[in-house]
Amino acid sequence: MRAKSSELSPHCKKVLDLLSKSSKPMSAYDILDQLRQSGIKAPPTVYRALETLMERGMVHRIESLNSFVACHSEHKEHNAKFAVCRNCGNATEIHDPRLTTFINNLAKKLDFHIEREMLELSGLCADCNHEHAH
Ligand SMILES: [Zn+2]
Ligand SMILES: [Zn+2]
């Protein structure tokens, strides 16, 4: 856990905790379902917590799944990229500085100002891919 998590509100901590323990991306409603017992009952509470956690780079949104994952990277500023398995739902965060450099150079060439960067690969993870081969 990062030091910064100590400044988080109790709601944020609960959401982050839940996502950190989950091996798979969770939708806002999955999160709400799991946290109902601990007193979080309204969707806006979950959305606000997710918003804060995303701003701090502790949680990422996977657009193609409309779901959220805890960031397990120690990189401070980064745009998360994901390889998402369509079979088991596992999402692997991809970190390759060459990719970031390449995209930034491309944008410069196009004179394009990037506001949001989403890169998601959809397919089969190693486990599922090998299962299918048998
Ligand atoms: Zn990350
Ligand atoms: Zn898989």
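Here the structure is a predicted model, which is why all the values come from computation and not from measurement.

Cut-offs applied
Residues numbered from 1 in each chain as written. Chains lettered and ligands numbered in written order. Predicted model: local features only at pLDDT ≥ 70, side-chain atom pairs only at ≥ 80, totals over all residues. Pairing = 2+ DSSP bridges. Helix = DSSP H or I, 4+ residues; strand = E, 2+ residues; numbered from the N terminus. Axes fitted to C-alpha atoms, helices over the stretch in contact; angles between N-to-C directions. pLDDT = per-residue confidence, 0-100. Core = buried A, V, L, I, M, F, W, Y, C linked by C-beta atoms within 7 Å. Buried ≥ 20, exposed ≤ 12 C-beta atoms within 10 Å, placed from the backbone. Contact = placed C-beta atoms within 7 Å. Parallel < 35°, antiparallel > 145°, perpendicular 65-115°, else oblique. Nonpolar A, V, L, I, M, F, W, Y, C, P; charged D, E, K, R; others polar.

Caption draft 1: Spatial organisation of the sheet that holds strand 3 (residues 81-85). Strand order in the open sheet formed by three strands is 4-3-5, with mixed pairing between adjacent strands. Across the chains shown, the open sheet's two edge strands, defined by having one partner strand only, are strand 4 (91-94) and strand 5 (119-123). Here the average twist between neighbouring strands, direction ignored, is 20 degrees. When strand 3 meets strand 5, the two strands line up parallel, connected through five bridges. If you follow Ala83 over to strand 5, its bridge partner there is Leu121.

Caption draft 2: Structural detail: the environment of Lys13. On the secondary structure map, Lys13 appears in helix 1 (residues 10-21). When the C-alpha positions of Lys13 and Asp30 are compared, they lie 16 Å apart, and in sequence the two are 17 residues distant.

Caption draft 3: Main features of the confidence of the model for the protein. Chain-level pLDDT for the protein is 89 on average; 91% of the residues reach the 70-or-more range. Mean pLDDT across the elements of the protein ranges from a minimum in helix 5 (residues 126-133), with 83, to a maximum in strand 2 (residues 67-70), with 96.

Caption draft 4: Structural detail: the nonpolar core. Ranked by size, the top nonpolar core spans 20 residues in total, and within it Val15, Leu16, Leu19, Leu50, Leu53 and Val59 carry the most contacts. Setting aside residues up to four positions removed in sequence, Leu53 forms contacts with Cys12, Val15, Leu16, Met58 and Val59.

Caption draft 5: Just the pairing of strand 2, in detail. Pairing of strand 1 (residues 59-62) with strand 2 involves four bridges; the strand directions are antiparallel. Across the sheet, residue Arg61 finds its bridge partner in strand 2, namely Phe68. Counting the residues that bridge the hairpin from strand 1 to strand 2 gives four residues, and of these Asn66 lies at a positive phi of roughly 50 degrees.

Caption draft 6: A look at the packing of helix 1 against helix 3 (residues 43-55). Put simply, helix 1 and helix 3 touch, their axes get as near as 9 Å, and they point 80 degrees apart. By the angle class used here, helix 1 and helix 3 are roughly perpendicular. Every residue of helix 3 that contacts helix 1 at His11, Cys12, Val15 and Leu16 is listed here: Thr45, Val46, Ala49, Leu50, Thr52 and Leu53. When grouped by side-chain class, the residues that make up the contact of helix 1 with helix 3 number seven nonpolar, three polar and no charged.

Caption draft 7: Quick peek at unusual backbone geometry. Unusually for a residue other than glycine, Asn66 sits at a positive phi of about 50 degrees. The residue Asn66 is located in the loop between strand 1 and strand 2 in this model.

Caption draft 8: Just the environment of Ser20, in detail. Note that Ser20 resides in helix 1. Between the C-alpha atoms of Ser20 and Gln37, which are 17 residues apart in sequence, the distance is 18 Å.

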